[in-house]
Amino acid sequence: MDLLLHHGLTAFGQFVSWAELVGQIGAIAVVFLARRRSLATWPVQMAACVLLFTVYASAHLGGLAFRQVIVLAISVFGLVAWLRRRDPVYGIAVRQASTAQRLGLVGLLVGGTVVMALILEALDASWAPWPDAAIFVGTAVAFLAQGLRFIEFWVIWLLVDAVGVPLQLASGLWFSAAVYVVFAGLVVHGWWSWARARRTVRAAQREPSRAV
């Protein structure tokens, strides 16, 4: 892994390690795969987690590094959940979260960010504990919602991107910051794609009742 961290390429005067490059390309691939509701989403995410953990740990961003560990665990849950809920006709059938479920997601985001930020401060594990914590918790909640097939997980990703771009730039990880900007555009399209898939399934489910 040291080979991937200390070797890479230089573009516009900025060094990008192979670990960061491959890990972020894998992260972009995950967005494409999630948009298509492909089961390959989760194995690719697992591989990206391993690479990005080393990148963020070396940059002294404890929240972002530990986030990869949590996301790796959630990816296992997501893979199992999607395998169990795969529809033979429509593939992964997405759904909208209820009001109570949305409130639960907001509670996890706010409460989790406060707790994680205090932990990072106490351990001196990050030079920017609050945005670091927000990205950490937001990513974990987004992947949890994705595993549960909630369309709203795309909205959470937009919030993560909004915090992530300035933090990555301040950390000198300009390539990762650029990736986050690309993420934003892909997330908007993914949101539209999942919403359309949901409408298609609901319309198909109403057809038999109309025929009767």
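All figures in this text were calculated on a predicted structure; none of them were measured in a lab.

Caption draft 1: Spatial organisation of the overall build of the protein. When its secondary structure is counted, the protein shows 8 helices and 4 strands. Beginning at the N terminus, the succession of helices and strands in the protein can be written as α-β-β-α-α-α-β-β-α-α-α-α. Counting across all 212 residues of the protein, residues that qualify as buried make up 45%. For the protein, restricting intrachain contacts to residue pairs at least 6 apart in sequence, the fraction spanning at least 24 positions comes to 69%. Total accessible area on the protein stands at roughly 10500 Å², and carbon and sulfur atoms take up 69% of it.

Caption draft 2: View of the environment of Trp-18. Topologically, Trp-18 is positioned in helix α2 (residues 18–35). Separated by 37 residues in the primary sequence, Trp-18 and Val-55 have C-alpha atoms spaced 9.6 Å apart.

Caption draft 3: Representation of the pattern of salt bridges. Evaluated as defined, the whole model comprises 1 salt bridge. Salt-bridge contacts for Glu-152 lead to Arg-102; the nearest nitrogen and oxygen are separated by 2.8 Å. On the criterion of sequence distance, the pair formed by Glu-152 in the loop between α6 (129–147) and α7 (153–170) and Arg-102 in helix α5 (residues 99–123) is long-range, its members being 50 residues apart. Under the relative-accessibility criterion, Arg-102 is labelled partly exposed at 37%.

Caption draft 4: Fine view of the side chain of Gln-68. By secondary structure assignment, the location of Gln-68 is in helix α4 (residues 62–84). Exposure remark for Gln-68: the relative accessible area of 4% places this residue in the buried category. Apart from the residues lying within four places of it in its own chain, the contact partners of Gln-68 are Cys-49, Leu-52, Phe-53 and Tyr-56.

Caption draft 5: Local environment of unusual backbone geometry. Positive phi, normally seen in glycine, also occurs at Arg-37, with a value near 55°. Checked against the element boundaries, Arg-37 lands in the loop between α2 and α3 (41–58). The exposure class assigned to Arg-37 is partly exposed, which follows from its relative accessible area of 22%.

Caption draft 6: Representation of the side chain of Arg-35 within the structure. Looking at the element boundaries, Arg-35 is found in helix α2. One buried charged side chain, Arg-35, makes no salt bridge at all; its nearest oppositely charged neighbour is Asp-161, positioned 13 Å away. In this structure the side chain of Arg-35 is engaged in a polar contact, spanning 3.2 Å, whose partner is the side chain of His-189. Ignoring sequence-local partners within four residues, the contact set of Arg-35 consists of Trp-154, His-189, Gly-190, Ser-193 and Trp-194.

Caption draft 7: Quick look at the packing of aromatic side chains. Under the counting rule described, the total for this entry stands at 8 aromatic pairs. Their ring planes at 45° and their centres at 6.2 Å tell us that Trp-82 and Trp-194 sit as a pair that is tilted. With Trp-82 in helix α4 and Trp-194 in helix α8 (residues 174–211), the pair connects residues that are 112 residues apart, well separated along the chain. Comparing Trp-82 with Trp-194 shows no difference in burial state: the two are buried. Consider the rings of Trp-154 and Trp-194, whose centres lie 5.8 Å apart with planes at 85°: the pair is edge-to-face.

Caption draft 8: Looking closely at the packing of α5 against α6. Two numbers describe how α5 lies on α6: the axes approach to 8 Å, and their chain directions differ by 140°. For the element pair α5 / α6, the angle class is oblique. Regarding α5 and α6, the two cross each other, and that crossing is right-handed. Contacts from Leu-105, Leu-108, Leu-109, Gly-112, Thr-113, Val-114, Met-116, Ala-117, Leu-118, Leu-120 and Glu-121 of α5 reach α6 at Pro-129, Trp-130, Asp-132, Ala-133, Ala-134, Phe-136, Val-137, Gly-138, Val-141, Leu-144 and Ala-145. Of the residues belonging to the contact of α5 with α6, the class tally is 17 nonpolar, 3 polar and 2 charged.

Caption draft 9: Quick peek at a nonpolar patch on the surface. The grouping of Val-106, Val-110, Val-114, Leu-118 and Trp-130 at the surface amounts to a nonpolar patch, some 440 Å² of accessible area in total. In terms of residue count, the dominant contributor to the nonpolar patch is α5 (4 residues). Structurally, the position occupied by Val-114 is in helix α5.

Reading the values: rules and limits
Residues numbered from 1 in each chain as written. Predicted model: local features only at pLDDT ≥ 70, side-chain atom pairs only at ≥ 80, totals over all residues. Heavy atoms only, no water. Helix = DSSP H or I, 4+ residues; strand = E, 2+ residues; numbered from the N terminus. Buried < 20%, exposed > 50% of the residue type's maximum accessible area, 1.4 Å probe, protein only. Contact = heavy atoms within 4.5 Å. Areas by Shrake-Rupley, 256 points an atom, 1.4 Å probe, with all protein chains shown as cover. Salt bridge = Lys/Arg side-chain N within 4 Å of Asp/Glu carboxyl O. Lys, Arg positive; Asp, Glu negative; His and termini not counted. Polar contact = N/O pair within 3.5 Å; in protein donor to acceptor, adjacent residues only side chain to side chain. Phe/Tyr/Trp six-rings, centres within 6.5 Å; stacked < 30°, edge-to-face > 60°. Axes fitted to C-alpha atoms, helices over the stretch in contact; angles between N-to-C directions. Parallel < 35°, antiparallel > 145°, perpendicular 65-115°, else oblique. Left-handed = near helix turned anticlockwise from the far one by under 90°. Nonpolar A, V, L, I, M, F, W, Y, C, P; charged D, E, K, R; others polar. Patch = residues over 30% accessible without salt bridge, like charges linked within 9 Å, V, L, I, M, F, W, Y side chains within 5 Å.

Any functional reading would require information that these geometric values do not contain.
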